[in-house]
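# Examination of the molecular architecture
Single-letter residue listing:
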Amino acid sequence: TGGPPADEHLDEVDLVGGNGRWRQRRAEAEFERRRAKELEALRQQRVAEEKCRRRLELKQEKQRKQLEDLRKERIAQQERLELEARQREERQRMEEERDRLRKEQEHKEWLPRQPEAR
C-alpha cells in the first residue's frame, strides 16, 4: 500500500502533472526533498569552506606573528651586541686612561729621584 517503489524515478514531466495528479504530488514532494538535500549539502560545503578559510587565516596569522617575534628578537639581540661592544670599548678606554695616568704619576715620582744633568 505505501507509495511508489524506492527506485521510482520522478522527473520534470511528473512535476508538471504529465503522468497524473498522484505522481505530480509525489514529484513535488520528491523535488522539495531533493532541493532541501541540495541546500543542506551546500550549507555544509560553505561551513567546511569557512572552517578551512579560518584555519588558513589562523595559520597565516601565526606565521606572521612568529616572523614578527623573530624580527623583534633579532633587533633585541643586535641591540644587546651593540651595547656590549660599547661597554667593552668604554672599559678598554677607561683602562687605557688609568694606565696613562698611572704611568704619568710614576714618571712624576721618578723624575725627582734622578740626578740633575749638568
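In what follows, the accompanying structure is described. (Residues numbered from 1 in each chain as written. Predicted model: local features only at pLDDT ≥ 70, side-chain atom pairs only at ≥ 80, totals over all residues. Heavy atoms only, no water.)

From N to C terminus, the protein chain includes two helices and zero strands. Computed over its C-alpha atoms, the radius of gyration of the protein chain comes to 46 Å, more than 25% above the 13 Å expected for a compact globule of 118 residues. Across its three principal directions, the C-alpha atoms of the protein chain cover 145 × 25 × 15 Å. By residue count, 6% of the 118 residues in the protein chain fall in the buried class. Of the roughly 11000 Å² of accessible surface on the protein chain, 52% is carried by carbon and sulfur atoms. Charged side chains of the protein chain number 33 positive and 30 negative; the gap between the two group centres comes to 2 Å. (Helix = DSSP H or I, 4+ residues; strand = E, 2+ residues; numbered from the N terminus. Rg over C-alpha atoms; globule rule 2.2 N^0.38 Å. Buried < 20%, exposed > 50% of the residue type's maximum accessible area, 1.4 Å probe, protein only. Areas by Shrake-Rupley, 256 points an atom, 1.4 Å probe, with all protein chains shown as cover. Lys, Arg positive; Asp, Glu negative; His and termini not counted. Charge placed at Lys NZ, Arg CZ, Asp CG, Glu CD.)

Okay, helix α2 (residues 21-110) next. Here α2 contains 90 residues, and its C-alpha end-to-end distance of 131 Å stays within 8% of the 134 Å for a straight helix at 1.5 Å per residue. Of all the positions in α2, only Q24, A27, E30 and F31 are classed as buried. (Expected span 1.5 Å × (residues − 1).)

By secondary structure assignment, the location of D14 is in helix α1 (residues 12-15). Within the local environment of D14, its side chain forms a polar contact with the side chain of N19, the two groups lying 2.6 Å apart. The contacts of D14, once residues within four sequence positions are left out, are H9, N19, R23, Q24 and A27. (Polar contact = N/O pair within 3.5 Å; in protein donor to acceptor, adjacent residues only side chain to side chain. Contact = heavy atoms within 4.5 Å.)

Here the focus is the pattern of salt bridges. The final tally for this structure, using the stated rule, is 18 salt bridges. Taking the shortest distance from any N to any O, the salt bridge between R34 and E30 comes out at 3.0 Å. One end of the pair, R34, and the other, E30, are both in helix α2, four residues apart, so they sit about a helical turn from each other. The class for R34 is partly exposed, based on a relative accessible area of 27%. A salt bridge links R102 to E106, with the nearest nitrogen and oxygen atoms 3.0 Å apart. Placement of the pair is R102 and E106 together in helix α2, with a separation of four residues, close to one helical turn. (Salt bridge = Lys/Arg side-chain N within 4 Å of Asp/Glu carboxyl O.)

Evaluated as defined, the whole model comprises zero aromatic pairs. For R34, the ring lying beneath its charged end belongs to F31, and the centroid distance is 4.9 Å. (Phe/Tyr/Trp six-rings, centres within 6.5 Å; stacked < 30°, edge-to-face > 60°. Lys NZ or Arg CZ within 6 Å of the ring centre and 35° of its normal.)

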